[in-house]
Amino acid sequence: MAVESSSRQGAAESAAPRCEGAAGTDDSPGLRRASLGVADIAFFVVSAAAPLTVMAGVAPLAIGVGGVGAPVGYLIAGAVLAVFAVGFTAMTRHVRSSGGFYAFITRGLGRPAGFGAATVALLAYNGMQIGVYGLLATGTRDTLDALWGIQVPWPAIAIAGVFVIWYLGYRSIEFGAKVLAVLLLAETGILVLLAGGVLLDGGAEGIAWDSFTPGNVLVPGTGAVLSFAFAAFTGFESTAIYRREARDPGRTIPRATYIAVGFLGLFYAFSVWIVIQAYGGSRIMKAVATDPMGLFFTATTHYVGGWAADLMHLFIITSILASQLAFHNAINRYGLSLAQEGVLPRVLGRVHPKHRSPYVAGIAQSVLALLLVTGFAVAGADPYRQLLLWLNTPGSLGLMGLQALTAVAVVRYFRRTRHEEGRWRSLVAPLAAAVLMAGAMWLVVSKIGLMTGASATTDTVLVLLVPAAFVLGVLISLRIRRTRPEVYAHFADEPAEEPTGEPADDKAPA
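Structure report, in brief. (Residues numbered from 1 in each chain as written. Predicted model: local features only at pLDDT ≥ 70, side-chain atom pairs only at ≥ 80, totals over all residues. Heavy atoms only, no water.)

### Things to note about the overall build of the chain
Here is step 1 of the chain: Check the secondary structure of the chain and you find 20 helices and zero strands.
Here is step 2 of the chain: Against the compact-globule benchmark of 24 Å for 510 residues, the chain has a radius of gyration of 22 Å, which places it among compact chains.
Here is step 3 of the chain: Principal-axis analysis of the C-alpha atoms gives the chain an extent of 70 × 50 × 45 Å.
Here is step 4 of the chain: The buried share among the 510 residues of the chain stands at 60%.
Here is step 5 of the chain: Within the chain, contacts between residues at least 6 apart in sequence are counted, and of these 81% link residues at least 24 apart.
Here is step 6 of the chain: Carbon and sulfur atoms make up 66% of the accessible area of the chain, which totals about 18700 Å².
Here is step 7 of the chain: For the chain, the separation between the mean place of its 36 positive charges and that of its 31 negative charges on side chains is 7 Å. (Helix = DSSP H or I, 4+ residues; strand = E, 2+ residues; numbered from the N terminus. Rg over C-alpha atoms; globule rule 2.2 N^0.38 Å. Buried < 20%, exposed > 50% of the residue type's maximum accessible area, 1.4 Å probe, protein only. Contact = heavy atoms within 4.5 Å. Areas by Shrake-Rupley, 256 points an atom, 1.4 Å probe, with all protein chains shown as cover. Lys, Arg positive; Asp, Glu negative; His and termini not counted. Charge placed at Lys NZ, Arg CZ, Asp CG, Glu CD.)

### A closer look at unusual backbone geometry
Here is step 1 of the chain: Look at alanine 50: it is not a glycine, yet its phi comes out positive at around 50°.
Here is step 2 of the chain: Looking at alanine 50, the relative accessible area reads 6%, which means it is buried.
Here is step 3 of the chain: Phi angles above zero are rare outside glycine, and aspartate 248 is one such case at about 50°.

### Some remarks on helix H6 (residues 111-148)
Here is step 1 of the chain: Over its 38 residues, H6 runs 55 Å from end to end, which matches the ideal 56 Å to within 8%, given 1.5 Å per residue.
Here is step 2 of the chain: Most of H6 is tucked away, with 30 of its 38 residues classed as buried. (Expected span 1.5 Å × (residues − 1).)

### A word on the pattern of salt bridges
Here is step 1 of the chain: This structure, assessed with the given rule, holds seven salt bridges.
Here is step 2 of the chain: Arginine 283 serves as the salt-bridge partner of glutamate 205, at 3.7 Å between the closest nitrogen and oxygen. Here arginine 283 lies in the loop between helix H11 (249-279) and helix H12 (284-290) and glutamate 205 lies in the loop between helix H8 (173-201) and helix H9 (214-217), a separation of 78 residues in the sequence.
Here is step 3 of the chain: Looking at arginine 283, the relative accessible area reads 51%, which means it is exposed.
Here is step 4 of the chain: Glutamate 421 is the partner of arginine 425 in a salt bridge, and the nearest nitrogen-oxygen pair spans 3.2 Å.
Here is step 5 of the chain: Judged by relative accessible area, which is 14%, glutamate 421 ranks as buried. (Salt bridge = Lys/Arg side-chain N within 4 Å of Asp/Glu carboxyl O.)

### A look at helix H15 (residues 359-378)
Here is step 1 of the chain: The terminal C-alpha atoms of H15 lie 28 Å apart, and with 20 residues this matches the ideal 28 Å at 1.5 Å per residue to within 8%.
Here is step 2 of the chain: When H15 is considered as a whole, its buried residues turn out to be Val360, Ala361, Gly362, Gln365, Ser366, Ala369, Val373 and Phe376.
Here is step 3 of the chain: The positive-phi residue at the C-terminal boundary of H15 is glycine 380, with phi of around 75°.

In structure tokens form, the structure reads like this:
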């Protein structure tokens with residue numbers, strides 16, 4: 001993400017002021033300021049989670065292991081992440097750097113941990129974004145076959161998707177926000193249409209509330225449901241990386257964060273509950289066992305009509321594209337920020353003179369996606385079971401790990417910094433979030449086989465990629481501290497120019 005125009009470079013010329021959005025002596029313009037409101041940022045965050053894709057593609061699996069009590073798993077996950085958001089949003093008022101997770105972790109835990117967090121963030125966001133090209137390929141292929149009988153090889157679809165996402169990310173951030181707004185309204189609208197049909201009809205066995213009774217919630221499968229549920233919120237924390245482009249970020253970012261978490265938690269739980277009502281509590285498990293991937297489509301056909309089910313097929317494709325665009329924008333801003341700080345090649349810090357987008361970082365990310373997609377295709381890999389799951393698993397684990405580490409950093413930061421946040425925001429909530437997020441990570445790792453369907457060896461490698469990336473980042477920080485001390489000293493620096501109404505911040509611990 002871009003840093004302020006008066007941020008220091010962090011290389012040999014670190015003492016010299018630089019142009020916002022530029023790297024080194026490049027005089028390219030910066031990202032467009034004050035262009036995103038609360039709704040725009042919320043659209044980016046919710047789109048990254050891909051609600052329709054999560055419901056149609058993953059929720060049936062959650063119901064299969066958790067039964068009729070599955071909706072509560074999504075409420076619990078949302079509540080845990082809301083607790084995390086308390087300390088997270090408090091930090092957004094004190095840390096003005098646009099480095100997202102790694103800036104927060106640097107402030108609280110020091111620069112080596114911040115470098116480790118930056119490396120994990122690059123692994124996680126790229127894993128999430130590139131892996132989903134496998135889902136785009138399978139979803140589009142199945143839709144073309146189901147609706148029109150057209151057979152298209154999955155690599156052709158995935159590669160075409162890379163170019164589509166590159167172009168959308170190349171355009172201005174306002175253009176991307178408008179695209180996401182339309183796509184998000186379409187995918188949530190079709191689920192609302194299903195809900196209306198079920199509620200008006202009364203469901204298969206009458207509207208029941210047994211999904212929320214202790215006897216159906218406190219079952220062995222709830223742990224597995226939680227592992228699916230936490231993964232469904234992936235990307236909500238990316239609000240902070242749009243700080244440079246937000247209007248009044250001190251208010252916009254916290255509001256967008258809470259709106260995103262609240263909407264996703266309630267919408268997920270409601271949608272899962274609706275599909276249970278569509279089949280009836282006594283029949284839902286049989287329906288899941290018979291045709292899990294057709295669960296929502298069959299319900300939509302019955303309660304709304306075949307035309308709506310056809311639209312759902314199409315909107316799943318747009319849902320996936322929206323998710324990829326949101327992650328693509330997040331990756332580009334991480335790359336831009338790290339390039340401007342001298343950690344990544346400085347050319348990645350260039351900003352397009354017209355669209356004001358981090359277009360070089362976008363090209364680099366798209367080339368990486370193209371190489372990985374092509375590599376999986378040449379190797380004869382399955383787009384869903386391997387490209388999607390093998391890349392998404394370390395991606396989702398990495399983001400959860402960053403959330404847990406950020407919660408610890410919040411506690412450390414506020415213990416040594418003068419503030420007026422209160423004990424709830426500065427100590428109690430972030431400490432609880434650290435414990436809860438660590439527990440959630442353990443839960444997901446313990447159920448990793450349910451999510452990947454891979455061998456124990458493959459699962460072990462996928463899980464270990466996250467700590468390996470963190471250690472790599474720490475080692476890089478030690479090397480940079482020795483060989484380029486100016487870069488190390490100004491890593492995740494605050495903007496030198498104080499925005500009105502936002503408190504100043506002290507230096508990060510060494």
